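Structural features, examined
Next come the chains, spelled out residue by residue.
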Amino acid sequence: MSHSNPTSRKGPHRLRQKLFEYNPPSVERKGSLPAPKPTAPLHFLDRHLSESLMLKHVKILPSLPVELLAVLESVSEELDTVNDAELLITSAGYTPAEGADARSIIDYRMDGIECAVTQLASSLVFHSSQPELMSLLQWLHALAHTEFGPIVEEYASQNLVLHVVDPPPDELQALGRKNKDTFKRLRKHTQQLTSCMVFCTDALPVMEDMERLDTIDVFPWRLDSDYCGDSRERSPPPDASEVPWTLPQMTGPRRSQRVRHQKAPERVSDQRDNHIGVLERPEQTDPHYKPACEDYIQKAWVHAVRIDATAVIFDCGNFLRIGIRHRKSQTLFLSGLIDIRTCKDPSYGSLWTALHIAIASDAVKRLPLLENALLGKRKSTYDEPQRARKRSKTDKSSSSDDAMAAYMDTFPALAVFFRFDNFDSPAPLLLFRPDSDRKERYGPKESLKIIAYKRLGSGSVGDVYRAVIEPERSSSDTKGSLTKAGRSKGKAGSVAKDASEELAQRPFILKFAPTNARARRLEHEVGVYRHLRDAGVSGIPSLLSYREGVNADLRALMLSDAGRPLGYRMDRDKKVNLSAEARVNFKSILTAIHGAGILHRDVRSWNMMEDDLGQVRFTDFDRSSFRGTTEDYRTEQERLDRFIEGEFVDKDDIIGADDLRRHIAPK
């Protein structure tokens, strides 16, 4: 297939000509990079996508760069409407990068031709009749998995995300009715268009090894456990019907064809829906871990699913691969390895420009399909449980919390299924008592099924979810009549079942620390909760359970639901109106905490809770100290007084990293 090169057009557009012919200089290492950390890149949540959204195939598509070049041919006439003065090409892109690590490469890209490329793509796709308007596309830098907490792994990979951004108000009005409508719909449904995973230059072997995945029938998706229970199928978002690339026909494998890294033991037929097998996985700081391209591709795929991106890009400075995510067949089509310093027909400038135009066009074409698919669609994959009844202020919630803690403690393993947004665990995350013996498989009487159905946010320690215990279901062998010998066991089982059904109506909080460094903070918080509980302090969440994953690098804390943070109730002046009773109660609780010898060290609106009955509590003790002074206690009480009187104190400096290390006792 031959193509005429639109970059060879002669005319007054010299800057554009320079852009289309551009190949960047080589990224060279200056000095030595920091010593690599042999760390697995996958966040625990990366293993819990709905099965219908998981990656099934990786295929190499060598023709992709040439087919993208045809995009420039298709818009050759429109290109003449864009003046060079509007391209904003800076000279920084024509000089070598300052370093070979991922952050330096990102800075180099952002200072180079990105402004010109995004301006050109935005002008041609979103406001072709007004090319002088500012670009609606912008690459923004974010640490990998910012929402889930960053993981600093072997190659310190970081993410760039192509966003649809808000223009200045006057330019928004200048867009015109049709273009403004398209922009608002894009902002509502597809604010993030593309994910680019950037590595340091040492990651070239991983980039090269991606070619091998084309020879594997089914991608070896990593799971947290071996489980053959029923999985909820979800329809993937639609693909655009018209695309500038030719994709081979693919069909997704049946569920029974799923490949796992470890072969599961043979099962008895009546155990199929109940038993859970433990799968070993590398710890976050495993010294024997060797970077695997499968892990990076799975991580990038999950991020693309979360933002519903069609294009997935891998960049290690001098080389890149462009990926196309085909949602229906669950396939990632990858280009060959592109040396962006020397590539021709297309050159890097032409290829990068064509890719941005294709990405923006794909987003616009998918808009009506996506809106139709979302009609009548439920927001979550799990129905939020209804509380059993309206509680009164005379209810003794602490006794119910004690019952839940005792019930959880009877199970050696907790099986956590994530069911929210795009996550619907095919296999659960197993949590165990710290330092306990582990078995290879756990039956239904040994594992408690927990559903994490809502993600509440991420703090300094890790992710926070609202969760419930799933009620026990009657099995076929309990429906018939009981023998005399089995009646006593049947009664005990029915009591346990009734208890689980009652407890299942009580949502609780599930807090994770995904790395060893954060696990230390969480363990410290557990110690504070236990100390306050033993001191008889009320007005704090109840400690239900503390567990660890298959490896000790993942820790989980379960607490009673303390209500809603006051931060959500701030008015425009950043004030929170509290009742007189709530003010008195917050003061008395903090006084009791200080009386137990604990300095909270993080008193602010997001750590002060109030439930639907008006009961208030303090939470989040990961920064707390056992070493407070009289002056510290007085200062913290004054801080609370200022907040209660309407002063905004959330952004006040509370604690520094060095100070934090002094106040958290070593392990």
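Residues numbered from 1 in each chain as written. Predicted model: local features only at pLDDT ≥ 70, side-chain atom pairs only at ≥ 80, totals over all residues. Heavy atoms only, no water.

Describing the overall build of the chain
From N to C terminus, the chain includes 16 helices and 22 strands. Counting over 667 residues, the chain shows a buried share of 54%. Put simply, 80% of the contacts in the chain that link residues at least 6 apart link residues at least 24 apart. (Helix = DSSP H or I, 4+ residues; strand = E, 2+ residues; numbered from the N terminus. Buried < 20%, exposed > 50% of the residue type's maximum accessible area, 1.4 Å probe, protein only. Contact = heavy atoms within 4.5 Å.)

Examining the packing of helix α5 (residues 114-125) against helix α10 (residues 348-374)
At a minimum axis distance of 9 Å, the contact between α5 and α10 shows a crossing angle of 40 degrees. As the angle between them shows, α5 and α10 are arranged oblique. Helix-helix and strand crossings are classified by hand; for α5 and α10 the assignment is right-handed. The residues of α10 that touch α5, namely those facing E114, V117, T118, L120, A121, L124 and V125, are Y348, W352, T353, H356, I357, A360, S361 and V364. For the contact of α5 with α10, the per-class residue count stands at ten nonpolar, four polar and one charged. (Axes fitted to C-alpha atoms, helices over the stretch in contact; angles between N-to-C directions. Parallel < 35°, antiparallel > 145°, perpendicular 65-115°, else oblique. Left-handed = near helix turned anticlockwise from the far one by under 90°. Nonpolar A, V, L, I, M, F, W, Y, C, P; charged D, E, K, R; others polar.)

Quick look at the nonpolar core
The nonpolar side chains of a soluble globular protein tend to be buried with one another. Ranked by internal contacts, the top residues of the largest apolar core, which has 75 residues, are I297, F314, F418, F512 and M558. Of the residues forming this core, the biggest block, nine residues, is contributed by helix α9 (residues 293-307). Each residue touching F418, except ones within four places of it in the same chain, is listed here: F44, L45, H48, F423, D424, S425, L429, A452, Y465 and F512. With 59 residues, the next largest nonpolar core counts L133, C196, A358 and A363 among its residues. (Core = buried A, V, L, I, M, F, W, Y, C linked by side-chain atoms within 4.5 Å.)

Things to note about the packing of aromatic side chains
Under the definition given, this model contains 17 aromatic pairs. Ring centres of F219 and W221 lie 6.4 Å apart, and the angle between their planes is 65 degrees; this geometry places the pair in the edge-to-face category. Judged by relative accessible area, which is 2%, W221 ranks as buried. Note on F420 and F423: the rings are 5.3 Å apart at their centroids and 40 degrees apart in plane angle, and the pair reads as tilted. The buried category is assigned to F420, whose relative accessible area is 4%. For F423, a relative accessible area of 2% translates into the label buried. For the cation-ring pair, R325 lies above W301, with the distance from its terminal atom to the ring centre recorded as 5.6 Å. The residue whose ring lies beneath K449 is F417, and the NZ or CZ to ring-centre distance is 4.7 Å. (Phe/Tyr/Trp six-rings, centres within 6.5 Å; stacked < 30°, edge-to-face > 60°. Lys NZ or Arg CZ within 6 Å of the ring centre and 35° of its normal.)

Thoughts on the environment of V58
Take V58: it is sitting in strand β1 (residues 57-60). Residues V58 and L213 lie 155 residues apart in sequence; the distance between their C-alpha atoms is 5.8 Å.

Quick word on helix α15 (residues 630-644)
Relative to the 21 Å expected for 15 residues at 1.5 Å per residue, α15 spans 21 Å between its end C-alpha atoms, a close match to the ideal helical length. All of the buried residues in α15 are Y633, E636, Q637, R639, L640, F643 and I644. The buried residues of α15 all sit within an arc of 155 degrees when viewed along its axis, so they share a single face. Of the surrounding elements, those touching the buried residues of α15 are α14 (580-595), β21 (608-610) and β22 (616-618). (Expected span 1.5 Å × (residues − 1). Arc of directions from axis to C-beta.)

Focus: the sheet that holds strand β14 (residues 441-442)
Within the open sheet, the three strands sit side by side as β5-β6-β14. Their pairing is antiparallel. Here the strands that pair on one side only, and so sit at the sheet edges, are β5 (225-227) and β14. In this sheet, β14 lies alongside strand β6 (residues 276-278) in antiparallel orientation, the contact comprising two bridges. Looking across to β14, one finds that G277 is bridged to R441. (Pairing = 2+ DSSP bridges.)

Examining the confidence of the model for the chain
Averaged over every residue, the pLDDT of the chain is 78; residues scoring 70 or more account for 74%. Taken together, the stretch residues 474-495 has pLDDT below 50 and engages in three contacts with residues farther than four places along the chain or on a different chain. (pLDDT = per-residue confidence, 0-100.)

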